[in-house]
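Residue-level listing of the chains:
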Amino acid sequence: MLSNRKLGFGLLVAAGCFLWNPVLGVMDILPDAIGYLLLLLGLSRLADLDRSEQLLDSQKAFRAMLWVGLGQILAELLVDVVLRKSSESLNQYEQPMWVLLFSFVLLVFQWYYLLPAWRRFFSGLSALAQFHGGTVLLREKRGRTWCERMAKASGRFVVLHSLLTLLPELTVLTSFEYDDGNPFFSFDWFSYANPLRTGAAVISGVIGVIWLVRYLRFMRLAASDTPWREQLCREYEEEVLSNSGLLLHRRMNAALTFFRVGSVFFINLSLMYYSVLPDWFCALLFFCGLLMLGGLVEKRLPCVAAGLLLIGVGTARSALNMRYLKEFVPRDALYLPNAYQQYLTVQILSVLEAILLVVFVLLVVRALAAMAGRYALAYAAQRPAGSEWSAELSALRLHKRTIPVWVFLALSLAAKICEIFLQQTYGWMWMVQFVLSFIASLCFAGFLTQLSEEMTTCCPVKPHV
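Note that the coordinates shown come from a computational prediction; the quantities given were computed from them, not determined experimentally.

### Brief notes about the side chain of Ser-441
Looking at the secondary structure, you find Ser-441 in helix H14 (residues 429-458). The contact partners of Ser-441, leaving out residues within four places of it in the chain, are Ser-263, Val-264, Phe-266 and Ile-267.

See the structure below:
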């Protein structure tokens, strides 16, 4: 029988541990993106059993929040680089205004996606309990079940958590009114920003701990309902494990999520000569996708070898680049011998990293296309003679999607090499490389979409009866 632990409740518990902590401006010690990723993985099996599709809807919202969480990490890196490298060139209000903007955007996304996500999450668990023999989560206290109470508590937590992140940053707006001599602002509230941030963080932390305790208690109650969990395990074996198309579809969706997020790191974006989206990080996410696919991808050794080389060269390049930028900027290499020697090593490693990225991506694309080809041949063998569908047409459609990936990866590589050696003289080179790498990322996303469509055709999902 399927183990209770494999239903995903453990991942849901772990997700809560990454979502409770306060955020100072854009600084998040426990990245929310990890929590959203754990929620997605933890809901994968439970969503298959939820006929109300509430859990499926919450998955979609948490997937959107995963991208928001990655954007939050990017915003934190941007602000950190600005603080360390541009403090002299920026006026005293520019950096706080960027933090205010990021905090406000984060609040909007959380209210738009996260509030309905938690509501549907607990509604879906309630539906699972109602239709699959659960009793503990449906117990009422003061006219509300545990699921209804946690949905309301999570909504309050999201609202207060986001507001307490934003409110201290709003004090920068009073500085402009104070400087203009507005009589309603007799002193500058922004001078008290740090104490206000500390106070808001303490309050937010207390609220977060209360929410986390209630969330963990809710999950413990769910775990204590042994008959319900055993019933879920039995129905999962009967309805889902026998549905090979559904299993493959779910597995593919999880893997393609990692590949899509990883493709964002194709984009070469730098700020103050620091890589905001380092190439080598995509290998880590691609490895997660390959791990999710497991034995479906044959001959993974070349992909793994190229990915490990990319990670090794990329991390070495990042470390040397950070050490170089502590003393110099790239333009110094044109005039200072010591700077030239150090920067030449960075340039060589940058070229190797760019080449290894292209090789790694092409190997992954080839492996994924070969996987789809095997399924297409197996599906074609089951089709009657004279059928309009054929493995050759499937392979041709997928091959057409790979051509733009090859072309723009090659163009992006050429532009990257030119940028590496010419950016000291021609500062605008980064724009050409950024555009080409962005298009390459979009082309790769298009290839993944076509791959998903071909695999779904070859292994259709049997509908629930």
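### Let's talk about the packing of helix H1 (residues 9-16) against helix H2 (residues 32-49)
Viewed as axis vectors pointing N to C, H1 and H2 meet at an angle of 160°, and their least axial separation amounts to 8 Å. As judged from the angle between their axes, H1 and H2 are roughly antiparallel. Note that H1 runs across H2; the crossing there is left-handed. The segment H1 lies against H2, with Phe-9, Leu-11, Leu-12, Ala-14 and Ala-15 engaging Gly-35, Leu-38, Leu-39, Leu-41, Gly-42, Leu-43 and Leu-46.

### Observations concerning the packing of aromatic side chains
Counted according to the given criterion, the structure contains 27 aromatic pairs. Ring geometry for Trp-118 and Trp-211: centres 5.6 Å apart, planes at 65°, overall edge-to-face. Highlighted residues: Trp-118 in helix H4 (residues 94-131) and Trp-211 in helix H7 (residues 193-224), separated in sequence by 93 residues. Seen in terms of ring centroids, Phe-287 and Phe-360 are 5.9 Å apart; in terms of plane orientation they differ by 85°. Their pairing is edge-to-face. A residue pair is termed long-range when its members are at least 10 positions apart, and Phe-287 in helix H10 (residues 281-293) and Phe-360 in helix H12 (residues 337-382) qualify at 73 residues. In this structure an aromatic cluster arises from ring pairing among Phe-62, Trp-118, Phe-121, Phe-122, Phe-157, Trp-211, Tyr-215 and Phe-218.

### Considerations on H1
For H1, every residue scored as buried is listed here: Phe-9, Leu-12, Ala-15 and Gly-16. The arc that holds every buried residue of H1, seen down its axis, measures 115°, which confines them to one face.

### Observations concerning the environment of Trp-280
Note on placement: Trp-280 falls in the loop between strand E4 (274-275) and H10. Setting aside residues no more than four positions away along its own chain, Trp-280 makes contact with Leu-310, Ile-311, Gly-314, Thr-315, Ser-318 and Glu-353.

### Quick notes on the confidence of the model for the chain
On average, residues of the chain carry a pLDDT of 83, and 88% of them reach 70 or more. Per-element confidence in the chain is highest for helix H5 (residues 146-166), whose mean pLDDT is 93, and lowest for strand E3 (residues 270-271), whose mean pLDDT is 69.

### Quick word on the layout of surface pockets
One water molecule sets the probe size; rolling that probe over the atoms shows where empty space is left. Considering only enclosed or pocket space, the largest pocket measures out at about 1000 Å³ in volume. Looking at the largest pocket, it is lined by 36 residues, and the ones nearest its centre are Leu-70, Ile-73, Leu-77, Phe-265 and Phe-281. Going through the elements one at a time, H2, helix H3 (54-85), helix H9 (244-263), E4, H10 and helix H11 (301-325) are the ones with two or more residues in the lining of the largest pocket. If you tally residues by element for the lining of the largest pocket, the top one is H3, at twelve residues.

What counts and what doesn't
- Residues numbered from 1 in each chain as written.
- Predicted model: local features only at pLDDT ≥ 70, side-chain atom pairs only at ≥ 80, totals over all residues.
- Heavy atoms only, no water.
- Helix = DSSP H or I, 4+ residues; strand = E, 2+ residues; numbered from the N terminus.
- Contact = heavy atoms within 4.5 Å.
- Axes fitted to C-alpha atoms, helices over the stretch in contact; angles between N-to-C directions.
- Parallel < 35°, antiparallel > 145°, perpendicular 65-115°, else oblique.
- Left-handed = near helix turned anticlockwise from the far one by under 90°.
- Phe/Tyr/Trp six-rings, centres within 6.5 Å; stacked < 30°, edge-to-face > 60°.
- Buried < 20%, exposed > 50% of the residue type's maximum accessible area, 1.4 Å probe, protein only.
- Arc of directions from axis to C-beta.
- pLDDT = per-residue confidence, 0-100.
- 1 Å grid on protein atoms, 1.4 Å probe; cavity = no way out; pocket = protein on both sides within 12 Å on 5 of 7 lines; lining within 4 Å.
- Points joined across faces, edges and corners; volume = space filled by probe spheres on them.

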